[in-house]
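Fold and geometry: a report
Chain residues, written in single-letter form:
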Amino acid sequence: MTDLIVYPAEKPLEGGVPVPTDKSIGHRALLFSALANGTSRIQKFAGGGDNISTANALRAMGVVIDESESKGSRELTVKGVGIFGLKKPEAPLDCGNSGTTMRLFCGLLCAQEFSTTMIGDESLSGRPMMRVIKPLALRGAKISGKAHPKKSGDVTAPLQIEGLGEEIYLSELEYESEISSAQVKSAILLSGLYAHGTTYFREPTVSRDHTERMMQALGVPLRTMGPLVELDPSGWRGVLDPLDIEVPGDLSAAAFLITAAQIVSGSRVTMRGVGVNPTRTGILEIVRDMGGSVVIDHQSERSGEPVADLHALASSLHSARIGGEVVARAIDEIPIACALAARASGTTEITDAAELRVKETDRIAAMASVLRSFGITCEEKSDGMSIQGTHEKLKAAEVESRGDHRIAMTSAVLALVGDGPTKIKDADCISTSFPRFVATLRALGARVDVV
Ligand code: S3P
C-alpha cells in the first residue's frame, strides 16, 4: 500500500498542466460504443481504475476494445456489437470501486436474455443499490442482492440480475426519483432503450446530463424539460451509430488543482480543455461565492459537451453557504469544497449533502475527521457540516484515505498549507480517477514523496 508525504508549499504553484479526461463521460462513451453498430473511436480516454472496470465488464460480454497511444494520449477502438449483441459473461462482472459501472449496468443487463452477477470491492459492496433496483423492478427487471448491513430494506453487491425470458420485454415506466442522481437516471434510460413503452424520469434538480446528451447525439428519441426526461423508443430503429468522441478534461479532477491554487499564495495554474457542462460546474460557483478566482476562456464545444480553459489564481477566501441545487452540480466536489472552507475566513455551512454519506465512503464523516486532524474546528450534521476556516498554517497531520480517492486528494491539497509534512495513508485509491495526481502536483512545484 502506498503512502504519500506531502510537504508545505514553499513557493506558489505555477504552470499549465493536463487533467485526466472525464470519468463519467468515459463510462458512457464506452457503453454506447459497445452498443453501437460499427467501430467507435474514443480519443483522450483517461484510463483510471473506474473506467477500466467498465471496459473490462464490456470485454467480458464479447466487446472488443483495443487501446493505442496517439499524440501522448490513450485512444480506444471499440467494436460495437449492437444493442442486442452482448454475450453472457463466463464469470461475475467485477465493477471494482465503480458505483457508476454497477448502477449503469443494472439498467443495461436487466434487459438482456441472459443472467449475470456483478461484484465489487469492499467499498462498493457496502453501497446502496435499491435506488436503481426499485425503479427497474417496476418495469419488470429482476435484480436481487445481499441485504444491506446498515440500511434496512436496501441491498448491496453482489447483485444477481435475472435474464428476461424469450419474448418478454421491459414495460413503460414513469418514475419520480427522490434524489437527484445521474446513475439512477442513466440506468433507467439505458433500460428504456429496450423497453416496450415510454420512459419518463423526473428528479428534484438536474443531475449531470452526459447520458442524455450522448443518447440525443446518437439519434435516440429523447427529450428533456428541466429535470424531466422522456424517452419514447416507438419508431426508433434500435440502432446506435458508432461514436467518434474526444473526451473533455474532468472538472472533478481539476477541482483539486483549482483549490490548491486558491490556497497556496501567489499560485497561478492553467488547465486546458476542461469540461464545463452546466450540470457539473457547481464547484466554480462555490469558488466564486467564496471570493476565489477562476478565469474561464476559450469556451467551445467538444463532442457535444462544453469545454473551456481554466486559470485558477490564488485568492483570499471567505465563508459561504453551500446548499440547495448547487450541491447536485458539485456532488463529487464537496470534499474539496471543505478544503476551501478550511482556508476561508468565517464559518462555512454545508447543507443538503446527505448523499455524501453513501459515496465511496461516508464523505461527511471522513472529511470531518480529516479536517480535525489538520486542527480545523468543524461540526458534523446529518446532511452536511459547518467548518470554521483559518488563514493560519494548518497542523501537519497523518490521515487515512479510507480507500476514497477524493478524500486522499483533498488531504494532499490541505497538506500544502500545513506547518510540516503530512502523511496520507493508503493513497493507491487516487488512481481510480487521477492516476497522475502526484506527478501533476510536482509539475506545479509541490514536493510530494511516495513511500
Ligand atoms: C456519476 C454520478 C454521481 C457521481 C459519481 C459519477 C455518474 O453519482 O457522484 O461520481 O457518472 O453518473 P450519483 O448518481 O449517485 O449522484
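Read on for an overview of the structure. On a predicted model such as this, the values are computed, not experimentally measured, just so you know.

What counts, and where the lines are drawn
By convention here, each chain's residues receive numbers from 1 onward along its written sequence. At least 70 in pLDDT is required for a residue's local features to be given in this predicted model, at least 80 for side-chain atom pairs to be given and counted, and no such filter applies to totals for whole chains, interfaces and linings, which use all residues. Side-chain descriptors were evaluated using all non-hydrogen atoms of the structure, hydrogens and water having been removed beforehand. Counting from the N terminus, the helices are DSSP H or I runs at least four residues long and the strands are E runs at least two residues long. Residue burial is assigned from relative accessible area. The probe radius is 1.4 Å, only protein chains are included, and a residue is buried under 20% of its type maximum, exposed over 50%, and partly exposed in between. In this analysis, axes come from line fits to C-alpha atoms, helices being fitted only over the stretch in contact, and the angle between any two N-to-C directions falls in the range 0 to 180 degrees. For classification, angles of less than 35 degrees are called roughly parallel, those exceeding 145 degrees roughly antiparallel, those between 65 and 115 degrees roughly perpendicular, and all remaining angles oblique. Throughout, a crossing is termed right-handed when the near helix is turned clockwise from the far one, and left-handed when it is turned anticlockwise from it by less than a right angle. Contacts are assigned to residue pairs that have any heavy atoms within 4.5 Å of one another. Any residue that is not Ala, Val, Leu, Ile, Met, Phe, Trp, Tyr, Cys, Pro, Asp, Glu, Lys or Arg is counted as polar, Gly included; the first ten are nonpolar and the last four charged. Within this document, salt bridges are pairs made up of a side-chain nitrogen of Lys or Arg and a carboxyl oxygen of Asp or Glu, the two lying within 4 Å of each other. Nearness is judged by heavy atoms alone; a residue qualifies as near a molecule or strand once a single heavy atom is within 4 Å of it. Nitrogen and oxygen atoms within 3.5 Å of one another constitute a polar contact, given that in protein one can donate a hydrogen and the other can accept it, and given that sequence-neighbouring residues count only through two side-chain atoms. All accessible-area figures derive from a Shrake-Rupley calculation using a 1.4 Å probe, and residue coverage is judged against the displayed protein chains alone. Only when DSSP finds a minimum of two bridges between them are two strands counted as paired. Two rings from Phe, Tyr or Trp (for Trp, the six-membered ring) form a pair when their centres sit within 6.5 Å of each other. Planes less than 30 degrees apart are called stacked, planes more than 60 degrees apart edge-to-face, and all others tilted. For a lysine, the NZ atom is tested; for an arginine, the CZ atom; a charge sits over a ring if that atom is within 6 Å of the ring centre and within 35 degrees of the ring normal.

The subject of this paragraph is the environment of Phe434. Note that Phe434 resides in the loop between β25 (422-425) and α13 (437-443). Distance in space between the C-alpha atoms of Phe434 and Ala397 is 22 Å, their sequence separation being 37 residues.

Counting buried positions along helix α10 (residues 334-342) yields nine of nine residues, so the element is predominantly enclosed. Within α10, burial applies to Ile334, Pro335, Ile336, Ala337, Cys338, Ala339, Leu340, Ala341 and Ala342.

In contact at an axis separation of 9 Å, helix α7 (residues 251-263) and helix α12 (residues 405-415) are set at 15° when each is read in the N-to-C sense. Here α7 lies roughly parallel to α12, going by the angle between them. Our pair here, α7 against α12, has a crossing hand that is right-handed. For the pair α7 and α12, the contacting residues are Ser252, Phe256, Thr259, Ala260 and Ile263 in the first and Arg406, Met409, Thr410 and Val413 in the second. Classifying every residue of the contact of α7 with α12 gives five nonpolar, three polar and one charged.

Counted according to the given criterion, the structure contains 32 salt bridges. Among the ionic pairs, Arg288 bridges to Asp289, the shortest N-O distance being 3.5 Å. Residue Arg288 is classed as exposed on the basis of its relative accessible area, which comes to 55%. Two residues, Glu360 and Arg363, come together in a salt bridge whose shortest N-O distance is 3.0 Å. Of the two residues, Glu360 and Arg363, both sit in the buried class. Among the charged side chains, a network of salt bridges with common partners joins Arg127, Arg208, Asp332, Glu360, Arg363, Asp404 and Arg406.

On to the site of the ligand. Taken together, the residues surrounding the ligand are Ser24, Arg28, Thr100, Arg103, Arg131, Ser181, Ala182, Gln183, Arg208, Ile331, Asp332 and Lys359. Ala182 places a polar main-chain atom, nitrogen or oxygen, 3.0 Å from an oxygen atom of the ligand. Taking Lys359, its side chain carries an N or O atom lying 2.7 Å from an oxygen atom of the ligand. Burial of the ligand by the protein amounts to 95% of the accessible area it has alone, namely 390 Å². At the level of secondary structure, the elements contributing two or more residues to the shell around the ligand comprise α1 (23-35), α3 (99-109) and α5 (182-192). Its residues assigned to classes, the shell around the ligand shows two nonpolar, four polar and six charged.

This part is about unusual backbone geometry. In this chain, Ala157 is followed by Pro158 through a cis amide linkage whose omega measures 0°. You can see Pro158 is positioned in strand β9 (residues 155-162). The phi angle at Glu167 is positive, at roughly 65°, despite the residue not being glycine. The exposed category is assigned to Glu167, whose relative accessible area is 63%. Backbone geometry places His298, a non-glycine residue, at a positive phi of 50°. If you trace the backbone, His298 turns up in strand β16 (residues 293-302).

Once that is clear, we can look at the sheet that holds strand β21 (residues 347-350). Taken in spatial order, the four strands make up an open sheet running β19-β21-β23-β22, and their pairing is mixed. Each having just a single partner strand, β19 (321-322) and β22 (377-381) make up the two edges of the open sheet. The pairing of β22 with strand β23 (residues 384-388) spans five bridges and is antiparallel. Counted as the bridge partner of Glu379 is Ser386 from β23. Where α10 meets the sheet, its contacts fall on β19, β21 and β23, and the angle it forms with β23 comes to roughly 25°.

In spatial order, the strands read β2-β15-β17-β16; together these four strands make up an open sheet with mixed pairing. One side of each edge strand has no neighbouring strand; the edge strands of this open sheet are β2 (14-16) and β16. Within this sheet the neighbouring strands show an average axis-to-axis angle of 15°, counted without direction. In the sheet, β2 pairs with strand β15 (residues 268-275) via three bridges, with the strands oriented parallel. Bridge assignment links Glu14 to a residue of β15, and that residue is Arg268.

Moving on, we come to the packing of α3 against α5. In contact at an axis separation of 7 Å, α3 and α5 are set at 30° when each is read in the N-to-C sense. Considering the angle they form, α3 stands roughly parallel to α5. Handedness of the α3/α5 crossing: right-handed. Residues Gly99, Thr100, Arg103, Leu104, Gly107 and Leu108 of α3 touch α5, and the partners they reach there are Gln183, Ser186, Ala187, Leu190 and Ser191. In terms of residue class, the contact of α3 with α5 is made up of four nonpolar, six polar and one charged.

Okay, the packing of aromatic side chains next. All chains considered together, the criterion is met by three aromatic pairs. Relative to Phe437, the ring of Phe256 lies with its centre 6.4 Å away and its plane at 75°, an arrangement referred to as edge-to-face. Here Phe256 is found in helix α7, whereas its partner Phe437 is found in helix α13, with 181 residues between them in sequence. The same class applies to Phe256 as to Phe437, namely buried. Over the ring of Tyr7 we find Arg447; its NZ or CZ atom is 3.7 Å from the centre of that ring.

Any functional reading would require information beyond the geometric quantities listed.
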